[in-house]
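Spelled out, the chains give:
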Amino acid sequence: MNRTKELIVDTFWQLLEEKPYNKITVQDIVNRCKVNRNTFYYHFHDIPSLAENSVEDWMDEVIKKQGIFGSPVNCLTYIAAECMKRKKAFLHLYRSAHKDSLLGYMDRTGYNIIRSYVENTTEDFSISEENKEILIRYYKCTFIGILLDWLDSGASYDLVSFIENLCDLFSGSGERAFLKQ
């Protein structure tokens, strides 16, 4: 990513930690970045396109940094920890008019993360593609549901601890499902 574009994206995340999405203006961003408005518009059409690009790039980076997920607890707690790092920003996006975009990215990213985990885990099992898809969707829906609950609660609880406890409670359930084939 070009340095100026990266600076604009980083500034957007900083501002999103400080104030609601609908209170962030292009002027706020260019003032903090010390660039002109034309520079902003060279990289982004408007604030919503900046938001979409920023969330998509963040989620891609989270997946890329983690690589292959060895276990559900590693997979889910890593994502939870990354969400908690930007708790206020996610709350501001979640409470904004662009909530649907955030939810769409969360859904697609959750699906890709869980798919990666299930694909790696089921290599040694003879499990049908249909049943793999069922497991992927089940775990994705569970994980996204937890994220939505966390956001609905105002991010009031420790998401990482919650995920760790949940994974401990259901430890081995995925493998048992794989063995039922």
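Residues numbered from 1 in each chain as written. Predicted model: local features only at pLDDT ≥ 70, side-chain atom pairs only at ≥ 80, totals over all residues. Heavy atoms only, no water.

Draft legend 1. Fine view of the overall build of the protein. In terms of helices and strands, the protein carries 10 helices and zero strands. Taken from the N to the C terminus, the helices and strands of the protein come in the order α-α-α-α-α-α-α-α-α-α. Among the 181 residues that make up the protein, the fraction classed as buried is 41%. Put simply, of all contacts in the protein between residues at least 6 apart along the chain, 67% involve residues at least 24 apart. Accessible area of the protein: about 9,900 Å², with a carbon and sulfur share of 49%. (Helix = DSSP H or I, 4+ residues; strand = E, 2+ residues; numbered from the N terminus. Buried < 20%, exposed > 50% of the residue type's maximum accessible area, 1.4 Å probe, protein only. Contact = heavy atoms within 4.5 Å. Areas by Shrake-Rupley, 256 points an atom, 1.4 Å probe, with all protein chains shown as cover.)

Draft legend 2. Seen up close, the packing of aromatic side chains. Tallying each qualifying case throughout the model produces nine aromatic pairs. Ring geometry for Phe-12 versus Tyr-21: centroids 6.4 Å apart, planes at 90°, classification edge-to-face. Across the pair, exposure class does not vary: Phe-12 and Tyr-21 are buried alike. Residues Tyr-157 and Phe-162 carry aromatic rings whose centres are separated by 5.4 Å and whose planes lie at 50° to one another, so their mutual orientation is tilted. Each member of the aromatic cluster is reached from another via a ring pair, and the members are Phe-12, Trp-13, Tyr-21, Trp-58 and Phe-90. Across the ring face of Trp-13, the terminal group of Arg-86 is positioned such that the distance to the ring centre comes to 4.1 Å. Here Lys-99 stacks its cationic end above the ring of Tyr-94, 4.3 Å away from the centre of that ring. (Phe/Tyr/Trp six-rings, centres within 6.5 Å; stacked < 30°, edge-to-face > 60°. Lys NZ or Arg CZ within 6 Å of the ring centre and 35° of its normal.)

Draft legend 3. Structural context of the nonpolar core. Counting residues in hydrophobic clusters, the biggest one holds 52 residues, and the most contacted among them are Phe-12, Trp-13, Ile-29 and Phe-40. Among the elements of the structure, helix H1 (3-18), helix H2 (26-33), helix H4 (47-66), helix H5 (72-85), helix H6 (87-94), helix H7 (99-121), helix H8 (129-152) and helix H9 (159-169) are those that each provide at least two residues to this core. Among the elements that make up this core, the one with the highest residue count is H7 (eight residues). Ignoring any residue separated from it by four or fewer positions in sequence, one finds Phe-12 in contact with Tyr-21, Ile-24, Ile-29, Ile-47, Leu-50, Ala-51 and Ser-54. (Core = buried A, V, L, I, M, F, W, Y, C linked by side-chain atoms within 4.5 Å.)

Draft legend 4. Structural detail: H1. The end-to-end C-alpha distance of H1, which contains 16 residues, comes to 23 Å, matching closely the 22 Å that a straight helix rising 1.5 Å per residue would cover. Listed in full, the buried residues belonging to H1 are Ile-8, Val-9, Thr-11, Phe-12, Trp-13, Leu-15 and Leu-16. (Expected span 1.5 Å × (residues − 1).)

Draft legend 5. The side chain of Lys-132, seen in detail. Here Lys-132 is to be found in helix H8. Look past the residues within four positions of Lys-132 in its chain and what remains in contact with it is Val-118, Glu-119, Thr-122 and Ile-127.

Draft legend 6. Expanded view of the confidence of the model for the protein. Residues with a pLDDT of 70 or more make up 90% of the protein, whose mean pLDDT is 85. For the protein, helix H10 (residues 173-179) is the element with the lowest average pLDDT, namely 56, and H2 is the one with the highest, namely 96. (pLDDT = per-residue confidence, 0-100.)

Draft legend 7. Fine view of the side chain of Thr-11. In this structure, Thr-11 sits in helix H1. Separated by 2.8 Å, the side chain of Thr-11 and the backbone oxygen of Leu-7 make a polar contact. Discounting residues that sit within four places of it in the chain, Thr-11 has contacts with Ile-29, Arg-32 and Cys-33. (Polar contact = N/O pair within 3.5 Å; in protein donor to acceptor, adjacent residues only side chain to side chain.)

Draft legend 8. Looking closely at the pattern of salt bridges. Per the stated rule, a full pass over the model turns up six salt bridges. A salt bridge links Arg-137 to Glu-133; its shortest N-O distance comes to 2.9 Å. Of this pair, Arg-137 and Glu-133 both sit in helix H8, four residues apart, roughly one helical turn. Classification of Glu-133 as partly exposed rests on a relative accessible area of 24%. (Salt bridge = Lys/Arg side-chain N within 4 Å of Asp/Glu carboxyl O.)

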